[in-house]
Amino acid sequence: MLIFKNIIPFSLEQTFDCGQCFRWDVQEDGSYIGFVGKHIAKINYINGDIVIDSNCEDELFWKSYLDIDRDYLQIINDLSADDIMKNAISYGEGIRLLKQDPWETVVSFIISQNNNIPRIKKIIGLLCENFGDKVTFNGETYYSFPTPEQIYNKDLSVIRAGFRDKYILSAASMVVEGIIDFNLVYNMDYDTALEYLKQIKGVGNKVADCVILFAFQKFESFPKDVWIKRTMSQLYNVAEEEIEIFAKQKFKGNCGFAQQYLFYSARQDI
DNA sequence: AGCCAGGACAAGT
DNA sequence: ACTTGTCATGGC
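Residues numbered from 1 in each chain as written. Chains lettered and ligands numbered in written order. Predicted model: local features only at pLDDT ≥ 70, side-chain atom pairs only at ≥ 80, totals over all residues. Heavy atoms only, no water.

Close to DNA strand B lie 31 residues; Asn 115, Asn 116, Ile 117, Gly 202 and Gln 259 are nearest. Sugar and phosphate atoms represent 59% of those atoms of DNA strand B found within 4 Å of the protein. A distance of 2.4 Å separates a sugar or linking oxygen of DNA strand B from a polar backbone atom of Asn 115. Between DNA strand B and Gly 202, the relevant distance is 2.7 Å, taken from a phosphate oxygen to a main-chain nitrogen or oxygen of the residue. Of all the elements in the fold, those that place two or more residues in the surface near DNA strand B are helix H5 (102-112), helix H10 (205-214), helix H11 (226-236) and helix H13 (255-266). (Near = heavy atom within 4 Å. Polar contact = N/O pair within 3.5 Å; in protein donor to acceptor, adjacent residues only side chain to side chain. Helix = DSSP H or I, 4+ residues; strand = E, 2+ residues; numbered from the N terminus.)

See below:
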């Protein structure tokens, strides 16, 4: 059992259900169970303390994944200079940007294209059940996210991903064959990382931006999906082509955080 | 029933 | 370099 004490602001729901990840499921007691690589955990948040029951007791691993050491009060304070953003943040001030696994993030956001969040979760669940490892945790059975090797040259029709199958398989083969090495991306600047990731079939600007933000923590990324395009138009009266420049100018190094607050608040009325 | 979904790609201007 | 049709599937 790991405990991170007095982590504020923080919200399990806002962090795990804000659309950055798809493998955490809420339990009846309000805790969340999910996978990170081969590590499964049940995470609770009680009186400001994050409590982790996991098959991985590596404190640094979870601290890194949950972005524990970052000063979110400072980020929120900086972004709140803008009243519109301040209001958006009020819906999801407990969001943390998870440091996710690059491979899982690439595949997850390939699946996300032209798709809705409930079905994205369903497809990823099928992917794990059919190709991942079976893991027993607290007497229950779960399935880890498959490695590139585990889906290499496989028939993916069971996961019902439609036209995305070929993209996922292409990504797997590029990783297995060493054409793509995610470890190199950590040290790339944003532009280089963007072009590098877009070598993968099915990865365009938006998916690459999500991977750059959610796996590689390059916070100048500002993924532009249909929700962001809508809300930027409504809240800031900014046209689609101007979002990039506008965001960089207004949110500076905190673009990624700003994007998540906007995305989360925009989706609250559905 | 029909529109839409955390888009990308390729063919056509 | 920009615009448009197409791609599977199913949630709502």
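Now that the structure is up, let's keep going.
On to the sheet that holds strand S4 (residues 39-46), then. Strands sit in the order S1-S5-S4-S3-S2 across an open sheet of five strands; the sheet is antiparallel. Only two strands of the sheet have a single neighbouring strand rather than two, namely strand S1 (2-4) and strand S2 (24-26). Strand after strand, the sheet turns through a mean of 20° between neighbouring axes, direction not considered. Judged from the three bridges that link them, S2 and strand S3 (residues 32-36) form a sheet pairing that is antiparallel. Following the sheet pairing, Trp 24 is matched in S3 by Gly 34. (Pairing = 2+ DSSP bridges. Axes fitted to C-alpha atoms, helices over the stretch in contact; angles between N-to-C directions.)

Before going further, it helps to spend a moment on the packing of H5 against helix H6 (residues 117-131). For any two helices packed against each other, one specifies the crossing angle of their axes together with the interaxial distance. Between H5 and H6, the shortest axis-to-axis distance is 9 Å and the interhelical angle comes to 135°. Of the possible angle classes, the one that applies to H5 and H6 is oblique. Pair H5 / H6 crosses with right-handed handedness. Residues Val 107, Ser 108, Ile 111 and Ser 112 of H5 lie in contact with H6, whose contacting residues are Ile 120, Ile 123, Ile 124 and Leu 127. (Parallel < 35°, antiparallel > 145°, perpendicular 65-115°, else oblique. Left-handed = near helix turned anticlockwise from the far one by under 90°. Contact = heavy atoms within 4.5 Å.)

In this section: the domain arrangement of chain A. Once the domains are mapped, chain A shows domain 1 (2-69) and domain 2 (102-198). Distance between the C-alpha centres of domain 1 and domain 2: 21 Å. Domain 1 puts 17 residues into the contact, and the matching count from domain 2 is 15 residues. Buried area between domain 1 and domain 2, both sides added, is near 1,300 Å², and the carbon and sulfur share of it is 68%. Area buried by domain 1 at its contact with domain 2 is led by Phe 22, Arg 23 and Phe 35, which between them contribute 50% of it. For Asp 25, the salt bridge goes to Lys 121, with nearest N and O atoms at 3.1 Å. Counting across the interface, domain 1 meets domain 2 through five residue pairs in polar contact (both at pLDDT 80 or more). Residue assignment for the side of domain 1 that touches domain 2 shows that the elements contributing at least two residues are S2, S3, S4 and strand S5 (49-54). In terms of residue class, the side of domain 1 that touches domain 2 is built from seven nonpolar, five polar and five charged. (Domains from an automatic or database assignment. Buried area = accessible area lost by both parts, 1.4 Å probe. Salt bridge = Lys/Arg side-chain N within 4 Å of Asp/Glu carboxyl O. Nonpolar A, V, L, I, M, F, W, Y, C, P; charged D, E, K, R; others polar.)

Here the focus is the protein's contact with DNA strand C. Around DNA strand C lies a shell formed by Asn 114, Asn 116, Pro 118, Arg 119, Lys 122, Arg 160, Gly 162, Phe 163 and Arg 164. Backbone sugar and phosphate groups make up 68% of those atoms of DNA strand C lying within 4 Å of the protein. Here Lys 122 contributes a side-chain N or O atom positioned 3.1 Å from a phosphate oxygen of DNA strand C. A distance of 3.4 Å separates a base nitrogen of DNA strand C from a polar side-chain atom of Arg 164. Taken together, the residues of the surface near DNA strand C break down into two nonpolar, three polar and four charged.

Moving on to the side chain of Asp 165. Mapped onto the elements, Asp 165 comes out in helix H8 (residues 165-176). For Asp 165, the contacting residues outside a window of four places in its chain are Leu 156, Ser 157 and Ile 159.

Take the packing of aromatic side chains next. By the definition in use, this model includes 16 aromatic pairs. With 6.4 Å between their ring centres and 85° between their planes, Phe 163 and Tyr 167 make a pair best called edge-to-face. By relative accessible area, Phe 163 is classed as partly exposed at 37%. Clustering of aromatic rings is evident, with ring pairs tying together Phe 16, Trp 24, Tyr 32, Phe 61, Trp 62 and Tyr 65. Over the face of the ring belonging to Trp 227 we find Arg 267, whose NZ or CZ atom lies 4.9 Å from the ring centre. (Phe/Tyr/Trp six-rings, centres within 6.5 Å; stacked < 30°, edge-to-face > 60°. Buried < 20%, exposed > 50% of the residue type's maximum accessible area, 1.4 Å probe, protein only. Lys NZ or Arg CZ within 6 Å of the ring centre and 35° of its normal.)

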